[in-house]
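Fold and geometry: a report
One-letter residues, chain by chain:
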Amino acid sequence: MTKKNGDSSLQPSNSPHDIHSNVFPFFARWQKSHGKTFIYWLGTEPFLYIADPEFLKKMSSEVLAKSWGKPTVFKNDRDPMFGNGLVMTEGDEWVRHRHVITPAFNPTNLKVMAKLMVESTTNMLDNWTTLINSGKPEIDVEKEITTTAGEIIAKTSFGISYQSGQLVLQKLRALQMTLFMSNRFVGVPFSKFFFPKRTLEAKRLGKEIDQLFLSIITDRKKSMKAGKPSHDLLGLLLQGSTHMGWVLNEVLRLYPSAPNVQRQAREDIRVDDLTIPNGTNMWIDVVGMHHDPNLWGEDVNEFKPERFKGDMHGGCKHKMGYVPFGFGGRMCIGRNLTFMEYKVVLTLILSRFSFTLSPTYTHSPAILLSLRPKYGLPLRFQPL
C-alpha cells in the first residue's frame, strides 16, 4: 500500500527548534518525495509511516484501544525494559492493566503525592545552593532533574527510600543505554547475535530490575498487613497555574519526549479507499507533525507558549496534529503526573534562582529511546 498526499512543505530554517531533519533525517527527506504516508522497511519489517493527522484520525476511529497491538519487532527488542506491562500489553490484558492503574492517577491522589515532590525538589535545590556558594554556579540541569525525577517516581510510585530508588534508576538508565546502542539493528534478522554481550547485559539488567520491584511490592504488602498507611502510587494501587501549562505544552510540541508512536494492526483497517491489512506495523512521526508548517503556520519553529492560550491544541489546524502523550484510548496514563511534577519543580526553582544558558551548552536533541539533550543542559545559576 502506498499513498502520496502532496508536498510536505518541509523547509530548512535557522531556528534551533527546527529539529525534525536532525532527529529523523531519513523521514524528513522521504516526506519530500513520498508525502506524509508511505511504506518503508526496518530491516526485514515493513512499516507504514504516518505524519498526516487526518489519516491518523480516520485510522484510529476504526479501532478500539484494546485492539491496537505493538510491533512484534519492538516488543522482542524492548522486552527487558517493558516486559508485559501496560506499554506493551494488548487486548483484554491491556484493559485489565489500565483498569487497575487508572484510579491512582486521578487528581485527588496526585495531590497527595505533591508533598513528596516538594521534598525531593527542595533537597535538590539545597544541593544547588551549596554548589553555587562554593563557586560552582554551572549545573547540568538535565542530569540533576533526571536524577530527582527518578527519586520522585521512586517515592510517589513505590514509597521506597532514596537509596533504593537510586539503585532502580541507575539500572533502568543502564538498560536504556544498552538497548539504544543496538537500536539501529532492530528488524535485522539475528541482530541479537551481532552483539551477544550487549544482549545478555540487557536481559541481566531486566531481571535485576524485576527482582527489585518484586521485593519492593512484597515489603509493601507486609507493611499494609501491619496496618501502616501509605499514600504513594503503589499503596493506592494495592488499595484499589495556567501560564506554566502553556510553556509545558509548547515544550512538548517542540521537543516531545516520546518522538514517535508505534502500533500494529490487529485487524484490517479501512481508511477511505485504502485497506491497512491485519498485522501491519505503523510508525507515527510525532516530531514531524509537531513541526509541520501546514498545521502550525510559518512560526512553527518558534517558541510561543501563548499559542496554547485558550486552546489545548495550540491553534493546530487539526486536533490530531498535537499528540505529545499519544492518542486515543492508549494515551499515556501518567500525563497528569507529568504536569504536576513539572509545575512543582519549576515553581520551586524560579522561587530561589535566576539562571542563564551556559556558554558550554551544545544544542543537540537526540533519540535515546526518548528525546533528550545529547550533551546535557548546563545552566548558570544565581540565588535570588
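Attention in this report is confined to the structure presented alongside it.

Calculation criteria
- Residues numbered from 1 in each chain as written.
- Predicted model: local features only at pLDDT ≥ 70, side-chain atom pairs only at ≥ 80, totals over all residues.
- Heavy atoms only, no water.
- Helix = DSSP H or I, 4+ residues; strand = E, 2+ residues; numbered from the N terminus.
- Buried < 20%, exposed > 50% of the residue type's maximum accessible area, 1.4 Å probe, protein only.
- Areas by Shrake-Rupley, 256 points an atom, 1.4 Å probe, with all protein chains shown as cover.
- Axes fitted to C-alpha atoms, helices over the stretch in contact; angles between N-to-C directions.
- Parallel < 35°, antiparallel > 145°, perpendicular 65-115°, else oblique.
- Left-handed = near helix turned anticlockwise from the far one by under 90°.
- Contact = heavy atoms within 4.5 Å.
- Nonpolar A, V, L, I, M, F, W, Y, C, P; charged D, E, K, R; others polar.
- Pairing = 2+ DSSP bridges.
- Phe/Tyr/Trp six-rings, centres within 6.5 Å; stacked < 30°, edge-to-face > 60°.
- Lys NZ or Arg CZ within 6 Å of the ring centre and 35° of its normal.

1. Notes on the overall build of the chain
- For the chain, the helix and strand inventory stands at 15 helices and twelve strands.
- Looking at the chain as a whole, 48% of its 384 residues qualify as buried.
- Surface summary for the chain: the accessible area is close to 19,700 Å², and the carbon and sulfur share equals 57%.

2. A word on the packing of helix α12 (residues 242–254) against helix α15 (residues 335–350)
- Two elements in contact, α12 and α15, have axes separated by 11 Å at closest approach and are oriented at 115°. With respect to each other, α12 and α15 are oriented roughly perpendicular. Where α12 crosses over α15, the two elements pack in a sense that is right-handed. Of α15, the residues touching α12 (which contributes M244, G245, V247, L248 and N249) are F339, Y342, K343, L346, T347 and L350.
- Counted by class, the contact of α12 with α15 contains seven nonpolar, three polar and one charged residues.

3. A short note on the sheet that holds strand β9 (residues 353–357)
- Strand order across the open sheet formed by three strands is β4-β12-β9, with antiparallel pairing between neighbours. This sheet does not close on itself; its edge strands, each paired only once, are β4 (138–140) and β9. The average undirected angle you get between the axes of adjacent strands in this sheet is 40°.
- Sitting on the sheet, helix α7 (residues 107–133) touches β4, β9 and β12 (378–383), and the angle it makes with β9 is about 70°.

4. A few points about the packing of α7 against α15
- Running from N to C, α7 and α15 cross one another at 40°; their axes reach a closest spacing of 9 Å. The hand of the α7/α15 crossing is right-handed. Across the interface between the two elements, L110, K111, M113, A114, M117, V118, T121, T122, M124, L125 and W128 of α7 pack against N336, L337, M340, E341, V344, V345, L348 and I349 of α15.
- Tallied by class, the residues present in the contact of α7 with α15 amount to 14 nonpolar, three polar and two charged.

5. Observations concerning the environment of I50
- One can find I50 in strand β2 (residues 45–50).
- In this structure I50 comes out as buried when scored by relative accessible area, which is 0%.
- Taking C-alpha positions, I50 is 5.9 Å from K36, a pair spaced 14 residues apart along the chain.
- In this structure I50 touches K36, F55, L56, M59, M282, W283, I284 and D285, once residues within four positions along its chain are discounted.

6. Side note on the packing of aromatic side chains
- Following the criterion strictly, the structure yields 19 aromatic pairs and no others.
- Ring geometry for Y49 and W283: centres 6.2 Å apart, planes at 15°, overall stacked. The two residues Y49 and W283 agree in class, both being buried.
- Note on W128 and F353: the rings are 6.0 Å apart at their centroids and 50° apart in plane angle, and the pair reads as tilted.
- Overall, the relative accessible area of 0% leaves W128 in the buried class.
- Within the aromatic cluster, the residues linked to one another by ring pairs are F24, F26, F27, W30, F38, Y40, F47, Y49 and W283.
- R263 extends its terminal NZ or CZ atom over the ring of F327, reaching a point 4.9 Å from the ring centre.

7. Some thoughts on unusual backbone geometry
- Unusually for a residue other than glycine, D272 sits at a positive phi of about 55°.
- Within the element layout of this structure, D272 appears in the loop between β6 (269–271) and β7 (274–276).

8. A short note on the pairing of β12
- Note that β4 and β12 share three bridges and pair antiparallel. The partner of I139 across the bridge, within β12, is L379.

Function cannot be read off these values alone, since they describe shape.
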